[in-house]
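# Architecture and fold: a report
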Amino acid sequence: MKKIILEPHFVRKSTHFAFDDPAVPASLGESALEVPDLSDFPLPLPSKKSDYTCFAKAGNVLWLGASTGLTRYDPDAKYEFDAVQYFSADRDLKDNNVKALLPCDTGVWVKTDRAVTLIELPVMSAEEISDVLLRETLKYVSRHSMISHKYLARAGEHDSILPYGSCDNDGGFTSGFCLGEIYRYAVMKREKGKDSPEAKDALAVARRALDACMLLMYIHGRGNGFVARTYSTADEPVPDDGLFFRRQGNKAICLETSDSRDRGIVGLEIDCSAPVPDRLKYLYEEDGYTLDDIYYKCDTSSDEITLHMLNLLFAHKILGEDDKDLDDFIKVTASGIVNHIIDSGYTLRDYSGEPTTWARWDEPYFTKEIGWVDAALNSAEMLFYLKAIMEITGEEGRWKEIYDYLATERGYADLPAKHFDRLYQQSMRDDMDPAEEIMYGDHWLATASLFGLCYLEKDNEELLEKYRKGYKTWRSSIAREHDAALDFLYIIACPGEEIDEGRVREWFMRANISRLAAGVSLKGRHDIPVRTLRQGYREISTLLPQDEKFISKYDRNPVEYKNEDSGGLMAIESCYVYTLSYWMGRYFDFLG
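## So, the side chain of H316
With respect to the helices and strands, the residue H316 is situated in helix α6 (residues 302–319). In this structure H316 comes out as buried when scored by relative accessible area, which is 16%. When near neighbours in sequence (up to four residues on either side) are disregarded, H316 contacts E321, D327, I330, K331, E391 and I392.

As structure tokens, this is what we get:
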């Protein structure tokens, strides 16, 4: 793939004003509304032509106001994706009924029913966007150095963030964030030297995020390689969405939730006498907490384990190169996880001694109804863990024996290629369209595992080809997202395959400069056909630019037909969706 040069590009910035604010130009709305003549307009428009009520010109750029939003048309746009752009509530406007327009040097003033909005289009480089998003995340999203999202008391207001709010997948999402910062460090070290301010900043952020991830591998005090989903402190409310244990001395006590009541384990005490490594204690001690102030969530899934292992692999490769003590700690920690899974019969074993609900890589699970479909992914995950731990430790031993046994004798290496067929068969059985069955979070898990296997398998060409074949069966589903990071890893793993480079460029150049969730209106759009699938699920016909679609993590259908952000309006999301893609692209030399 030819390196993509990302030129600086304009981004969207909206500032809202009351009608009587002195900053609002007096001339806005003074002239009578003039309906634009769009009879010969050469391209599809986001709103119906009959919806447009006013217009304004700034050079060759035409701004078109409608009762269903705002359109910008640039006939001289260098890229097709910039020619026609749509601005809507709540992301860009307070409401979609545009009453008047007034161009200015930095953009356009827009009067709507509820407010006046100044839309500006400052030009920023991709690296500048990455830094703005990172600083927003560090200031508003970080919770005990875990990076997932933060909830808001008031929609659209950064400063209304709530101090609590754990996420089921704190470990996995923090690993994704950390991986992006590890790549940033590697790029800054390569380009500016490891003692440069830029490299030192990236290293500090990456190290803290890595420590936050590894603390989840010890915070439970079980001492057996188990990994907690997340942890909170006693002054944070306990969510009613899973199983939580409160540490008290050398015992951890099961807290009351719907799940713990259903299982009859409220008040159950389990051992938590294994120590937390001294090097990780600062993450809670610096805020004045002790272990007795901690409660953690268990019933961990394979999602977190897979992303932790990918993160630990590159932490070893990049951060471990300059820090032997850290690298030794990574080796011990990663070994504990993999040995726990092996010793537990290829499962993650919870408080009861039984497997957690979703962390199973064993053949008995693969014969169950849901496990039969999951086998295409989970088999690749298990093989990836084994391949990764051999790379991290530089040792083989029983890991190599088990890898060879599972891959060849038990057929694990053949299962990834069955993904599409099994998904299709399950869909037909359930009378669903295959698109309705897709678990979008699985795209990252499949990518991490199959990329990891292709990246690390250097000795067995036959196995490598099986992994590539399996990866390609996932591609028709993964490619629906046209996500840069997923695309980059695919072409590394499968040389000769192609990605849509135009989509990659658009993905970066039409990025949002904030991860603050805000509504995006699709109901008023006239240029996006909507299809209804078998069970009533609705999708739009095309992938919208980043700044015209909802904001979410790597776990939502990007063409889902919704009228608001997928993660909800009362949240601010992590920057990692952008920063991981960007710095990965720089690290692997896809971007310049």
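## Side note on the packing of aromatic side chains
This structure, assessed with the given rule, holds 33 aromatic pairs. Considering the side-chain rings of F17 and W109, the 5.3 Å spacing of their centres and the 45 degrees angle between planes classify their relative orientation as tilted. Here F17, found in strand β2 (residues 13–17), pairs with W109, found in strand β8 (residues 107–112); they are 92 residues apart in sequence, far enough to count as distant. In textbook terms, an aromatic cluster arises when at least three aromatic residues are bridged by ring pairs, as seen for Y183, F314, F451, Y455, Y587 and F588. For R12, the ring lying beneath its charged end belongs to F87, and the centroid distance is 3.8 Å. The ring of F173 has K553 sitting right over it, with the charged end atom 5.0 Å from the ring centre.

## Some details on unusual backbone geometry
Geometrically, the link from A89 to D90 is a cis peptide bond, its omega value of 0 degrees lying close to zero. In this structure, D90 sits in the loop between β6 (84–87) and β7 (98–103). The phi dihedral of S145 falls on the positive side, at around 70 degrees, and the residue is not glycine. With respect to the helices, strands and loops of the structure, S145 is situated in the loop between α1 (126–140) and β11 (149–151). One non-glycine residue, D431, lies in positive phi territory at about 55 degrees. With respect to the helices and strands, the residue D431 is situated in the loop between α11 (419–429) and α12 (434–437).

## Examining the sheet that holds strand β3 (residues 52–58)
Reading across from one edge, β3-β4-β5-β6 is the order of the four strands in this open sheet, with antiparallel pairing throughout. Looking at strand neighbours, the two that pair on one side only are β3 and β6, the edges of this open sheet. Shown here is a sheet whose adjacent strand axes are inclined to one another by a mean of 20 degrees, direction ignored. Relative to β6, strand β5 (residues 69–73) is paired through four bridges, and the arrangement is antiparallel. Each bridged residue has a counterpart across the sheet, and for L70 the counterpart in β6 is F87.

## Topic: the pairing of strand β13 (residues 244–248)
When β13 meets strand β16 (residues 294–297), the two strands line up antiparallel, connected through three bridges. The residue of β16 that forms the bridge with R246 is Y295. With four bridges connecting them, β13 and strand β14 (residues 251–254) associate as antiparallel partners. Each residue of the ladder has a partner; that of R246, found in β14, is I253. Taking the residues between adjacent antiparallel strands as the criterion, β13 and β14 are bridged by two residues, where G249 takes a positive phi near 65 degrees.

## A look at a nonpolar patch on the surface
On the surface, F420, Y424 and M428 cluster together into a nonpolar patch covering about 270 Å² of accessible area. Positionally, F420 belongs in helix α11. Since its relative accessible area comes to 38%, F420 is described here as partly exposed.

## As for the sheet that holds β14
In spatial order, the strands read β12-β16-β13-β14-β15; together these five strands make up an open sheet with antiparallel pairing. Only two strands of the sheet have a single partner each, and these edge strands are β12 (230–233) and β15 (269–271). Across this sheet, the average inter-strand angle for adjacent strands is 30 degrees, counted without regard to direction.

Thresholds applied
- Positions within a chain are numbered from 1, following the residues in the order the chain's sequence is written.
- Given that the model is predicted, a residue must reach a pLDDT of at least 70 before its local features are reported, and side-chain atom pairs must reach 80 or more before they are shown or counted; all residues, however, enter totals for whole chains, interfaces and linings.
- Calculated side-chain values reflect all of the structure's heavy atoms, with hydrogen atoms and water omitted.
- Every helix listed is a DSSP run of H or I at least four residues long, and every strand listed is a run of E at least two residues long, numbered separately from the N terminus.
- Relative accessible area decides the class of each residue, using a 1.4 Å probe on protein chains only: under 20% of the type maximum gives buried, over 50% gives exposed, and in between gives partly exposed.
- Residues are treated as being in contact if the distance between any of their heavy atoms lies within 4.5 Å.
- Only the six-membered ring of Trp is used, alongside the rings of Phe and Tyr, when aromatic pairs are assigned; centres must lie within 6.5 Å, and planes under 30 degrees apart are stacked while those over 60 apart are edge-to-face, with the rest tilted.
- Remark: a charge is flagged as sitting over a ring if the NZ atom of Lys or the CZ atom of Arg is within 6 Å of the ring centre and within 35 degrees of the ring normal.
- Pairing between two strands requires that DSSP report at least two bridges joining them.
- Every axis corresponds to a line fitted to the C-alpha atoms, with the helix fit spanning only the stretch in contact, and the corresponding angles, defined between N-to-C directions, vary from 0 to 180 degrees.
- What goes into a patch is any residue over 30% in relative accessible area without a salt bridge, connected to like charges within 9 Å or, for nonpolar side chains (Val, Leu, Ile, Met, Phe, Trp, Tyr), within 5 Å.
- Computed with a 1.4 Å probe, the accessible areas rest on the Shrake-Rupley method; for each residue, only the protein chains presented here act as cover.
- The salt bridge definition used is simple: a Lys or Arg side-chain nitrogen within 4 Å of an Asp or Glu carboxyl oxygen.

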